[in-house]
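Here is what each chain is made of, one letter per residue.
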Amino acid sequence: VIIVLQLEILRTECTLIGSPTIYEVNAPQPKTGSYSDGLGIHGSMISRAEQGVTNIAYSPRQGLLGSSTAARAEHAVKNLPFSGFYGPMQSQNAIYAKMQQLSLNSHKGQRLAVPWAFGFPGNTYGYRVHPLYQQTPPMYMNGGPVTNNEGPAIPIANLNPYLARWTIKGRVTGKTEVRHFGEGKVFSFDLLDAQGDEIRATCFNSLVDQYYDKIVVGNVYLISRASVKPVLRKKANPLNHEHELILDASTSVESCSGDDGSIPLQRYNFRQISEIENLDCSSTVDFLGVVTSVSPSVTIARKNGPEAHKRTIQLKDMSGRSVPITLWGNFCDVEGQLLHSQWESGLNPILAVKGGRISHFNGPSVGTTSSSQLKINPDLPAAEKLRRWYAAEQEDDVYQTIVQINDEDFGTLSQPDLATVVATISFVCSGACCYPACDLMFNGEQCKKRVTADGDWWWCNRCLRRSKTCEYRYHIVCQIHDHTGSTYATVSQKAARDIIGRKAQEFYTIKDAVQNGQEFEKIMQGILGCEYLLKMSIKKVAENGIVVKRVIVEAERLDLSNSRRVLGAIDKLSKDNSSSSVGDIEI
DNA sequence: CCCCCCCC
Ligand SMILES: [Zn+2]
C-alpha cells in the first residue's frame, strides 16, 4: 500500500485513468466489478477534501489512484504556541472514514450518481456524495454535505483566480456592520474551513441587501462562483489568504444544514500580552485574557464623522502583563456593557479578542476595528486554564520585595504595576505633611492645588479665583524598607489617613496650627519603625525623561498579635502539617 | 468598487 499525502493541486479535474475498482475494507478479496453509470463510464469516485485527505481511489492492481487536494492538516496546528481552535475538533480518521464510506456504498450495491461531472469535457475525477447518503447516520455524519451543484468543496487555502469552478465550505467566524461610502455600501464576512484556513468575502451595494441578513455568524455555507481577487492591501485584510472573495450576482451561497462541527467556530492565534512592545503599530492580533477592569462608556466627538462610543477594559493574561483595550461602537455598547455589569458584580470574565489593532500611543494598547470579534468566556481549554491561574493568583498572598519593585522593569508607561510589600516606614520626609487644598472645580474635577490664605479667603493660583473654604489634604513622602532594600514613595490620601490615624485637617491642627509637639511625636512614634502591608502602584511617566512614580495606595498596620496574615499562615501550617505541631511560620 | 477604524 502506498499512501501519498499533501500533494499540491495542479488540476482540480482530470479524466479517469484506467478502470479503477472499489476496494472493500472488510472483504477478504478486493471487489473486482466496477460501477457503471450506464453511460459507459467506469470507475469509482470519491468525494474530495472533507478533512483534507481527498480523492483517494483504491485499486488493487494500480495501487492508489487519486490526487490530494493538499491535505493541510498542519494548518490546524501552526502558529504555535498559542493558537487554538474554538469549538469541537474533528477526531475521526479521515481515511478510515472514507474506506468505511466506500465499503458501505458497495455493500448497498447502489449506483453512484455523478451528475455534476458531466458538464465537463471528459470525465471528471471525483464523486458526488449522494444526498441520500448524507442523511444516513452514522457513516455520513463525518463531514456533512460537502458539495453543491458546482462539485465538491475544495480547501479555502486552494482558492485562486485561475480555478474555473469551485465550491468552498466554510463557517462564518465574523461579519462587519454595513458601512456606507459615497453612493455605495459594503460589508464583509470571514469564512473558516475544516483545514483551518480563512478567507474574507465582501458584498457591495445590492449584494449587501441580498446577503447581510442571510449571512449568520457561526453558520456554515457552501459558496461558489464569487470572484477571487488578490489582496492588494494587506493592512486592510489581516487574514492569511492571498486572495479575497467579492460576491456578485452569479454567486451561490447555500446554507449548509447538518452542521457536524467539523469546522471550528473560530480560529485564534493568541499572542502573549508581554509581547506587545514587539508588535507593530496597526497590526492585527488576538489576545486571550482576564478582564480586570471595565470603564463606563463615554462618547467621543470625532474629528470627521459622527460621535463614537468607547470604553476601556484592562485585559490580563498569564504572562502577568495587562493591556488596555479600547472597545468602540457596538463592541462598547454590547459586549462592553455586558463586561461592565459582570465586572461591577465582582466577576472577572475571560475575553477572547480576535483581530485587535495594536497602538503604541502613550504606551501599548489595543483597539477594536470593524472586523474584530469579541467572545466573552469562550469555551476553550486555554480559557479554563487562565481562569484557574487568575483565581490562584488572587488567592495567593504574593508579596514583592523592595528590590523587586525598584527593578527598572517594574511599572510601564501605559499602566501602573501593582505590588504588595511588607515594609517598615523608615522616616517621613520633613516639611509640611498636609496642606490646604483648593476645593474649586477645575476641568471637571476638584483642583486640589495648594491655596494661600487671603484674609477670610483662600486664593488659588491655578483657578485664579478665591474660595471661602479649603480642604486639608495629605502630601506625604516617606522612605520604606524591608530586608532587601529601601525606596521612596508618596502616600495616597486614603493610605495616609490609615497610617496617621487622623483626618488631614486634624493632623494639620496638631502639627502646624496648634503645633502640639508632644502629640505629633506620639503619632510619629507609632509610625516609624513599624511594619505595614502596603499596596503600591508603580508607574513611569514622561517628565523630562522617564520618572518612576511609586504610590502607596493602601496601608494596613501589621499587628502581629492580631494579623490576618499570621493567623492565615498558622491556619495553613496546621492544615499542611496536622501530624506535627513543629514548623516554621514564614510571614 | 472598501481599505475609515475613531479620543488623548
Ligand atoms: Zn484651584
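As recorded in an unreviewed UniProt entry, chain A goes by the name Replication protein A subunit, listed as coming from Brachypodium distachyon. Per UniProt, the comment on chain A under Function (unreviewed entry) is "Component of the replication protein A complex (RPA) required for DNA recombination, repair and replication. The activity of RPA is mediated by single-stranded DNA binding and protein interactions. Probably involved in repair of double-strand DNA breaks (DSBs) induced by genotoxic stresses." Recorded under Subunit (unreviewed entry), the UniProt text for chain A is reproduced unchanged: "Heterotrimer of RPA1, RPA2 and RPA3 (canonical replication protein A complex)."

A. View of the packing of aromatic side chains. Taken as a whole and assessed by the stated rule, the structure comprises nine aromatic pairs. A centroid spacing of 4.2 Å and a plane angle of 35 degrees characterise the contact between Tyr472 and Tyr508, whose relative ring orientation is tilted. Linking Tyr472 in strand β29 (residues 470-474) with Tyr508 in helix α8 (residues 504-513), this pair joins segments that are 36 residues apart in sequence. For Tyr472, a relative accessible area of 15% translates into the label buried. You can call Tyr508 partly exposed: its relative accessible area is 21%. One Lys or Arg, Lys175, reaches over the ring of Tyr212 and ends 3.7 Å from the middle of that ring. The positively charged end of Arg466 is found above the aromatic ring belonging to Trp457, 3.9 Å away from the centroid.

B. Representation of the pattern of salt bridges within the structure. By the definition in use, this model includes 14 salt bridges. For Asp209, the salt bridge goes to Lys185, with nearest N and O atoms at 2.7 Å. With Asp209 in helix α3 (residues 206-211) and Lys185 in strand β8 (residues 184-192), the pair connects residues that are 24 residues apart, well separated along the chain. The class of Asp209 is exposed, set by a relative accessible area of 54%. Note that Lys316 and Glu393 form a salt bridge whose closest N and O atoms lie 3.4 Å from each other. Taken together, the residues span a long stretch of sequence, with Lys316 in strand β17 (residues 308-316) and Glu393 in helix α5 (residues 381-395) at a distance of 77 residues. Owing to a relative accessible area of 17%, Lys316 belongs among the buried residues under this scheme. On the accessibility criterion, Glu393 (29% relative accessible area) is partly exposed. Here the salt bridges do not stand alone but share partners, grouping Glu384, Arg387 and Arg388 into one network.

C. Main features of the environment of Pro364. Position of Pro364 relative to the elements: it lies in the loop between β19 (350-359) and β20 (365-367). In sequence terms Pro364 and Pro324 are 40 residues apart; their C-alpha atoms lie 7.9 Å from each other.

D. Broad picture of the sheet that holds strand β33 (residues 546-557). Taking strand neighbours around the barrel as the criterion, the five strands line up as β22-β30-β31-β33-β32 in a closed arrangement whose pairing is mixed. Ignoring which end each strand starts from, the neighbouring axes of this sheet average 55 degrees apart. In this structure, strand β22 (residues 417-428) lies alongside strand β32 (residues 531-542), joined through eight bridges in antiparallel fashion. The residue of β32 that forms the bridge with Thr420 is Lys535.

E. Quick look at the sheet that holds strand β26 (residues 452-454). The three strands are arranged β26-β27-β28 in an open sheet whose pairing can be described as antiparallel. Each of the sheet's edge strands pairs with one partner strand only, and the pair in question is β26 and β28 (465-467). Taken over all neighbouring pairs, the strand axes of this sheet differ in orientation by 40 degrees on average, direction set aside.

F. Here's a closer look at the coordination of the zinc ion. Binding of the zinc ion to the protein goes through Cys438 (SG), Cys447 (SG), Cys460 (SG) and Cys463 (SG), at separations of 2.2 to 2.3 Å. Here the donor residues of the zinc ion share one chain and are spaced in sequence as C-x8-C-x12-C-x2-C. Note that Cys438 is positioned in strand β23 (residues 434-438) and Cys460 in strand β27 (residues 457-460), a separation of 22 residues in sequence. Here Cys460 falls in the buried class, since its relative accessible area comes to 0%.

G. Looking closely at helix α4 (residues 329-344). The largest bend in α4 amounts to roughly 40 degrees and is located at Gly336. All of the buried residues along α4 are Phe331, Cys332, Glu335, Gly336, Leu339, His340 and Gln342. Against β15 (284-294), β17, β18 (322-328), β19 and β21 (373-376) lie the buried residues of α4. Looking one or two residues beyond α4, the residue adopting positive phi is Gly346, at roughly 90 degrees.

The rules behind the values
Residues numbered from 1 in each chain as written. Chains lettered and ligands numbered in written order. Predicted model: local features only at pLDDT ≥ 70, side-chain atom pairs only at ≥ 80, totals over all residues. Heavy atoms only, no water. UniProt positions renumbered as here; feature names shortened; annotations may be inferred. Phe/Tyr/Trp six-rings, centres within 6.5 Å; stacked < 30°, edge-to-face > 60°. Helix = DSSP H or I, 4+ residues; strand = E, 2+ residues; numbered from the N terminus. Buried < 20%, exposed > 50% of the residue type's maximum accessible area, 1.4 Å probe, protein only. Lys NZ or Arg CZ within 6 Å of the ring centre and 35° of its normal. Salt bridge = Lys/Arg side-chain N within 4 Å of Asp/Glu carboxyl O. Pairing = 2+ DSSP bridges. Axes fitted to C-alpha atoms, helices over the stretch in contact; angles between N-to-C directions. Donors = N, O, S within 2.8 Å, 3.2 Å for Na, K, Ca; no water. Bend = angle between axes of the 7 residues up to and from the residue. Contact = heavy atoms within 4.5 Å.

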